[in-house]
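Per-entry structural report
Listed below are the residues making up each chain.
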Amino acid sequence: NPILRCLSNIPPLENYFTTTRELYRGLLDKHIFALDYFKSMEEAGIDVILCPGQITPALPAGTAGTFIPILLPYLPWNVLNMPAGIAPVTRYTAEDENQMESYPWNDLTYRLIHRFNKGAEGLPLTVQVVARPYHEEQVLQIMKVLHENGSYRV
């Protein structure tokens, strides 16, 4: 879609399923991908993944439903059926605001991130804690450690 490319660097969905056979094949591909991913985690000795909780501080009220890129940090873990939790670890500061000057402006997503971050000083910044399926206790354990030892306070 050439119009979408003008607005954002986020790649569009490439596959659409129009038959039951195509859907089944897609689900099988996803299952094989998940098994390979879990095997790679096991071989690397990775029990838990810490990654960004969101690409911005909290969005202004009423905008999350219209800003689809906000979902990007969650999609992989949902697709792979991996338990995840979000934990605040610090706050957006004036220094963060100053560093936004060097953040790109070259597409709509970046421009919206700039706009949404204006006035966000003091809002929580989060990490996402992710574990393999059926290991919810590891997510909760790490979130507890972050809560007890982190600098974020309500």
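Further up the page is the structure itself.
So, a few notes on the structure that sits alongside this text. (Residues numbered from 1 in each chain as written. Predicted model: local features only at pLDDT ≥ 70, side-chain atom pairs only at ≥ 80, totals over all residues. Heavy atoms only, no water.)

1. A word on the overall build of the protein chain
So the rule is basically this: Only DSSP runs of H or I reaching four residues or more are called helices, and only runs of E reaching two or more are called strands; each is numbered from the N terminus. Per-residue accessibility, obtained with a 1.4 Å probe over protein chains only, is compared with the maximum for each type, and a residue is labelled buried under 20%, exposed over 50%, and partly exposed between these values. The criterion used for residue contact is that any of the two residues' heavy atoms lie within 4.5 Å. We get accessible surface area from the Shrake-Rupley algorithm with a probe of 1.4 Å; when it comes to residues, only the shown protein chains can shield them. The charged-residue count follows a simple rule in which Lys and Arg add positive charge and Asp and Glu add negative charge, with His and chain termini not counted at all. Charge coordinates come from a single atom per side chain, which is NZ of Lys, CZ of Arg, CG of Asp or CD of Glu.
Within the protein chain one finds six helices and three strands. Ordered by position in the sequence, the α and β elements of the protein chain form the string α-α-β-α-β-α-α-β-α. In terms of its C-alpha atoms, the protein chain occupies a principal-axis envelope of roughly 50 × 45 × 30 Å. The buried share of the protein chain, reckoned over its 154 residues, is 28%. Of the contacts made within the protein chain by residues no fewer than 6 positions apart, 76% connect residues no fewer than 24 positions apart. Here the protein chain has roughly 10700 Å² of accessible surface; of this, 61% comes from carbon and sulfur atoms. Considering the protein chain, the positive charge centre built from 12 side chains and the negative charge centre built from 16 side chains are found 5 Å apart.

2. Considerations on the sheet that holds strand β1 (residues 48-52)
Keep this limit in mind: If DSSP finds at least two bridges between two strands, the strands pair. Fitted lines through C-alpha atoms serve as axes, helices being fitted only where they are in contact, and the angles separating the N-to-C directions of these axes extend from 0 to 180 degrees.
If you walk across this open sheet you meet the three strands as β1-β3-β2, and the pairing is antiparallel. This sheet does not close on itself; its edge strands, each paired only once, are β1 and β2 (84-91). The average angle at which neighbouring strand axes cross in this sheet is 30°, direction not considered. One ladder, built from five bridges, connects β1 with strand β3 (residues 124-131); its direction is antiparallel. Bridging from a neighbouring strand, Cys-51 pairs with Gln-128 of β3. Across the sheet, helix α6 (residues 136-149) touches β1, β2 and β3, and the angle it forms with β3 is around 150°.

3. Examining the side chain of Arg-132
Note the following rule: Under this definition, polar contacts are N or O atom pairs within 3.5 Å; protein pairs additionally need one hydrogen-donor-capable and one acceptor-capable atom, and for neighbouring residues in sequence, both atoms have to be side-chain atoms.
Along the chain, the position of Arg-132 falls in the loop between β3 and α6. A polar contact is formed between the side chain of Arg-132 and the side chain of Asp-47, at a distance of 3.3 Å. Dropping the residues within four chain positions of it, Arg-132 is found in contact with Phe-38, Met-41, Glu-42, Ile-46, Asp-47, Met-82 and Pro-83.

4. Looking at helix α2 (residues 20-44)
Applicable threshold: Expected helix span is taken as 1.5 Å per residue step, with the number of steps being one fewer than the number of residues.
Here α2 spans 36 Å end to end across 25 residues, near enough to the 36 Å set by a 1.5 Å rise per residue. All of the buried residues along α2 are Gly-26, Ala-34, Phe-38 and Met-41. Looking at the buried residues of α2, the elements they touch are β1. Gly-45, located one to two residues past α2, shows a positive phi value of around 70°.

5. Quick notes on the pattern of salt bridges
This is how the line gets drawn: Throughout this description, the term salt bridge denotes a Lys or Arg side-chain nitrogen within 4 Å of a carboxyl oxygen of Asp or Glu.
Per the stated rule, a full pass over the model turns up six salt bridges. Where Lys-39 meets Glu-43, a salt bridge forms, and the shortest distance between an N and an O atom there is 3.9 Å. Of this pair, Lys-39 and Glu-43 both sit in helix α2, four residues apart, which is roughly one turn of the helix. Each member of the pair, Lys-39 as well as Glu-43, carries the same accessibility label: exposed. For Glu-97, the salt bridge goes to Lys-118, with nearest N and O atoms at 3.3 Å. You can see Glu-97 sitting in helix α4 (residues 94-99) and its partner Lys-118 sitting in the loop between α5 (108-117) and β3, a full 21 residues away along the chain. On the accessibility criterion, Lys-118 (56% relative accessible area) is exposed. Several salt bridges share partner residues, and in doing so they unite Glu-42, Asp-47 and Arg-132 into one network.

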